Amino acid sequence: MKHKEDKPLTIVIKLGTSSICDEVTHEPRIANMSLIVETVVKLRREGHRVIIVSSAAIAIGLKRLDIPKRPKHLATVQAIAAVGQCRLIALWDELFRQLNQPVAQILLTRNDIADRAQYLNAANTLTELLHMGVIPIVNENDTLSVMEIKFGDNDTLSAITAGMANADFLFLMTDVDGLYTENPRKNPNAQPIEVVTDISQLNVDVSTGGSSVGTGGMVTKLIAAELATSAGVTTIITKSSIPGNIHSIIKYLRYLRQQEGDSHDRSINPTFPCDLSRSDPDVRSTARSVTLFPGMDSVTQSSPSPSRPLSRPPSPPPRHTRFLPQQHPMRDRHFWILHGLKSHGTVYIDTGAYKAITRTNKAGLLPAGVVDVKGTFNASEAVSLVVIDRKALIEAEEAHQGDAELKKTVRALVFENGEDVGKAIVNYSAVEIARIMGLKSSEIESLLGYSDSEYIAHRDNLAFAPKHV
Ligand SMILES: Nc1ncnc2c1ncn2[C@@H]1O[C@H](COP(=O)(O)OP(=O)(O)OP(=O)(O)O)[C@@H](O)[C@H]1O
């Protein structure tokens, strides 16, 4: 019988600038890149599908053009990126060619995925390349990207790519071997974090930057981990200087998964009391119940099945931080709304509306639940949803009836304290919403002269950040 753990995996590997280039000289780290190539080809030969997200176009361009320091002028940086990207992909192609492995270049901007059809098209191209046995090498299209259409950093881009490709794993390879309580470059006593079950509960300092060529630091890695785990992708931060670690970590996690699979096989009730320390010393104190792979229920670890001998436990994996995927991954469309679309404004809703649109059998957003609107956006564009306390707003306004200035300040305060809970694609423009907010849907037509929908946003067009569902 073929077991779940034998299933080929889709693995996204994000390589930071510091992994590909020397911080000072900007020379490519050929030896390290070669080791990455060997690891990726090994994974390919085991049947896995691998996508690389590669930074470093600008750094490589600086070297190519003999410019010692990154200039400030945007057009100059974009020109350098164009030169560097060319060299970078040529380098990857040359190294992979030695092992007869074809690669493909994919350059993305946020604009490329802002349209649902284009997003699906990009996802289909990725799938097709993987199916053909090609390694897609993804990067932000720095040459075209202006602030408005930027992913901003390749950590975010890699998480979106992982979601798009329905990946099992996202490896964020960097110059530290994991997340620490503080920046280990600054404080050698910082403690490593091994398993993260809930990113919102993390108590770490990620405020300081990393290498001089790095762009995101740890902050963007945490954002990326939150994004990827919400799509069901196990996310790992580890050191890029030993790329073979990817293989050891996967082997180790597959072993755990095999144990988990056997627990499922032999039990009517899949949850066992367990001693995590037997199989996973990393998890000992941090997690009692773990989900190792997307699509599998959270189960506690248990001893191996007596009916089928397990393979020998692999040696403990190299140090890494592992972010466990959400038990109920977000639907692809919701993932796209939340992370693929740029917000063009804000729709403020009250707590009643929020409850209605987030309950299990969720409703669409009706005009009655909208308190205010900000920005200039058209119908069919994405907006942020912010929940505010309508009762507090009314009370505050009533308390300051006589003082228009104070009333304005208090109102602004209530709005400032609102909570950003997700995004929606709206059926009406900002101007239209401003006219129909607070009203019953049946009143839309008489007010606007038409009624395209009874909803401000249909329930399929509402997406919430994981902690808000
Ligand atoms: N709490 C923390 N734990 C671990 N590293 C931290 C922490 N806070 C800050 N850092 C810094 O984050 C750095 C890694 O991020 P950085 O952006 O420099 O690298 P990269 O991802 O390899 O490059 P790029 O951003 O170009 O993709 C580490 O070198 C470390 O100095």
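No experiment lies behind these values; they were computed from the predicted model shown. (Residues numbered from 1 in each chain as written. Predicted model: local features only at pLDDT ≥ 70, side-chain atom pairs only at ≥ 80, totals over all residues. Heavy atoms only, no water.)

## Digging into the sheet that holds strand β11 (residues 382-388)
And then number 1: The 5 strands are arranged β10-β9-β11-β12-β13 in an open sheet whose pairing can be described as mixed. Edge positions in the open sheet fall to β10 (370-374) and β13 (462-464), since each of these has one partner strand only. Within the sheet, the average angular offset between the axes of one strand and its neighbour, ignoring direction, is 30 degrees.
And then number 2: Of the pairings in the sheet, the one linking strand β9 (residues 346-350) to β10 comprises 4 bridges and is antiparallel in character. Paired with valine 347 across the bridge in β10 is valine 373.
And then number 3: Lying on the sheet, helix α12 (residues 351-358) is in contact with β9, β11, β12 (419-425) and β13; it crosses β9 at an angle near 95 degrees. (Pairing = 2+ DSSP bridges. Helix = DSSP H or I, 4+ residues; strand = E, 2+ residues; numbered from the N terminus. Axes fitted to C-alpha atoms, helices over the stretch in contact; angles between N-to-C directions. Contact = heavy atoms within 4.5 Å.)

## Examining helix α2 (residues 30-45)
And then number 1: The first and last C-alpha atoms of α2 sit 22 Å apart over 16 residues, in line with the 22 Å expected at 1.5 Å per residue.
And then number 2: For α2, the complete set of buried residues consists of Asn32, Met33, Ile36, Val37, Thr39, Val40, Val41 and Leu43.
And then number 3: Positive backbone phi, approximately 100 degrees, marks glycine 47, located one or two places after α2. (Expected span 1.5 Å × (residues − 1). Buried < 20%, exposed > 50% of the residue type's maximum accessible area, 1.4 Å probe, protein only.)

## A look at the pattern of salt bridges
And then number 1: For the structure on display, the rule yields 10 salt bridges.
And then number 2: The shortest N-O distance in the salt bridge between lysine 221 and aspartate 155 comes to 3.1 Å. Of this pair, lysine 221 sits in helix α8 (residues 217-230) while aspartate 155 sits in helix α7 (residues 154-164), and the two are 66 residues apart along the sequence. In terms of burial, lysine 221 and aspartate 155 fall into one category: buried. (Salt bridge = Lys/Arg side-chain N within 4 Å of Asp/Glu carboxyl O.)

## Some details on the sheet that holds strand β1 (residues 10-15)
And then number 1: Taken in spatial order, the 8 strands line up as β3-β4-β2-β1-β5-β7-β8-β6 in an open sheet, and their pairing is mixed. In this open sheet, the two strands that pair with only one neighbour each are β3 (103-108) and β6 (195-196).
And then number 2: For β6 and strand β8 (residues 321-323), the ladder comprises 2 bridges, and the chain directions are parallel. Each residue of the ladder has a partner; that of valine 195, found in β8, is arginine 322.

## Re the nonpolar core
And then number 1: In this structure, Leu170, Leu179 and Phe323 are the most contacted members of the largest nonpolar core, which totals 50 residues.
And then number 2: Contributions of two or more residues to this core are made by β2 (49-54), β3, α6 (116-131), α7, β5 (169-174), α8 and α11 (332-340).
And then number 3: Excluding residues that lie within four positions of it along the chain, leucine 179 makes contacts with Gln191, Pro192, Ile193, Leu202, Val204, Val206, Met218, Leu222, Ile237, Thr321 and Phe323.
And then number 4: Core analysis: the second largest hydrophobic core is formed by 37 residues, Ile60, Ile89, Ile250 and Leu253 among them. (Core = buried A, V, L, I, M, F, W, Y, C linked by side-chain atoms within 4.5 Å.)

## Some details on the pairing of strand β4 (residues 135-140)
And then number 1: Counting buried positions along β4 yields 6 of 6 residues, so the element is predominantly enclosed.
And then number 2: Burial along β4 is two-sided: the face carrying Ile135, Ile137 and Asn139 and the face carrying Pro136, Val138 and Glu140 are both buried.
And then number 3: Sheet topology note: the β2/β4 ladder contains 2 bridges and is parallel. For valine 53, the partnering residue across the bridge sits in β4 and is valine 138.

## Comments concerning the pairing of strand β7 (residues 234-239)
And then number 1: The buried fraction of β7 amounts to 5 of the 6 residues, a majority that puts the element mostly inside the structure.
And then number 2: Bridge count between β7 and β8: 3 bridges; the pairing is antiparallel. Directly across from isoleucine 236, in β8, lies its bridge partner arginine 322.

## What to know about the packing of α7 against α8
And then number 1: Close contact between α7 and α8 brings their axes to 8 Å; oriented N to C, the two are set at 10 degrees. For the element pair α7 / α8, the angle class is roughly parallel. Taking contact as the criterion, the partners of Asp155, Thr156, Ala159 and Ile160 in α7 are, on α8, Gly217, Thr220, Lys221, Ala224, Leu227 and Ala228.
And then number 2: Here the contact of α7 with α8 is built from residues that sort into 5 nonpolar, 3 polar and 2 charged. (Parallel < 35°, antiparallel > 145°, perpendicular 65-115°, else oblique. Nonpolar A, V, L, I, M, F, W, Y, C, P; charged D, E, K, R; others polar.)

## Brief notes about the confidence of the model for the protein chain
And then number 1: Chain-level pLDDT for the protein chain is 82 on average; 84% of the residues reach the 70-or-more range.
And then number 2: Counting contacts from residues 264-309, a segment whose pLDDT is below 50, to residues more than four positions away or on other chains yields 96 contacts.
And then number 3: What the predictor reports for the complex is a pTM of 0.78 with an ipTM of 0.95. (pLDDT = per-residue confidence, 0-100.)

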